[in-house]
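Structural characterization, general
The primary structure of each chain is shown beneath.
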Amino acid sequence: MPARPHRPALDHLPVGAVGGRWGFADPAHFGHAFKAAYGMSPREARAARR
């Protein structure tokens, strides 16, 4: 499994906005792609870092 991405500069943005910055027009599609790649949702990844 690849290492989880962590971009401190994006921590203040909603997860959907982060997906938009990576080219995902639909926040749900970003969430599904993230979970497929990292084994957890973007929200879960943020919570794990705190």
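Structure report, in brief. (Residues numbered from 1 in each chain as written. Predicted model: local features only at pLDDT ≥ 70, side-chain atom pairs only at ≥ 80, totals over all residues. Heavy atoms only, no water.)

Assigned secondary structure in the chain consists of three helices and zero strands. What you see in the chain, going N to C, is helices and strands ordered as α-α-α. Expressed as a percentage of its 50 residues, the buried residues of the chain come to 24%. Across the chain, the fraction of contacts at a sequence separation of at least 24, relative to all contacts at a separation of at least 6, is 55%. Of the roughly 3700 Å² that the chain leaves accessible, carbon and sulfur atoms contribute 58%. (Helix = DSSP H or I, 4+ residues; strand = E, 2+ residues; numbered from the N terminus. Buried < 20%, exposed > 50% of the residue type's maximum accessible area, 1.4 Å probe, protein only. Contact = heavy atoms within 4.5 Å. Areas by Shrake-Rupley, 256 points an atom, 1.4 Å probe, with all protein chains shown as cover.)

Turning next to the nonpolar core. Counting eight residues, the largest nonpolar core is built from Leu10, Leu13, Val18, Phe30, Phe34, Tyr38, Met40 and Ala45. Looking at which element gives the most residues to this core, the answer is helix 2 (residues 27-38), with three residues. (Core = buried A, V, L, I, M, F, W, Y, C linked by side-chain atoms within 4.5 Å.)

This next bit is on the environment of alanine 17. Relative to the assigned elements, alanine 17 resides in helix 1 (residues 15-21). Spatially, the C-alpha atom of alanine 17 lies 9.9 Å from that of phenylalanine 30, the residues being 13 residues apart in sequence.

Okay, the packing of aromatic side chains next. For the structure on display, the rule yields three aromatic pairs. Measuring from centroid to centroid gives 4.8 Å for phenylalanine 34 and tyrosine 38, while their planes differ by 45°, and the two rings are tilted. With phenylalanine 34 and tyrosine 38 both in helix 2, this residue pair falls four residues apart, about one helical turn. Just as phenylalanine 34 is buried, tyrosine 38 falls in that class too. (Phe/Tyr/Trp six-rings, centres within 6.5 Å; stacked < 30°, edge-to-face > 60°.)

Considering the arrangement of structural elements, one finds aspartate 11 in the segment before helix 1. As for aspartate 11 and arginine 46, which are separated by 35 residues in sequence, their C-alpha atoms are 8.1 Å apart.

It is worth stressing that arrangement in space is one thing and function is another; only the former is reported here.
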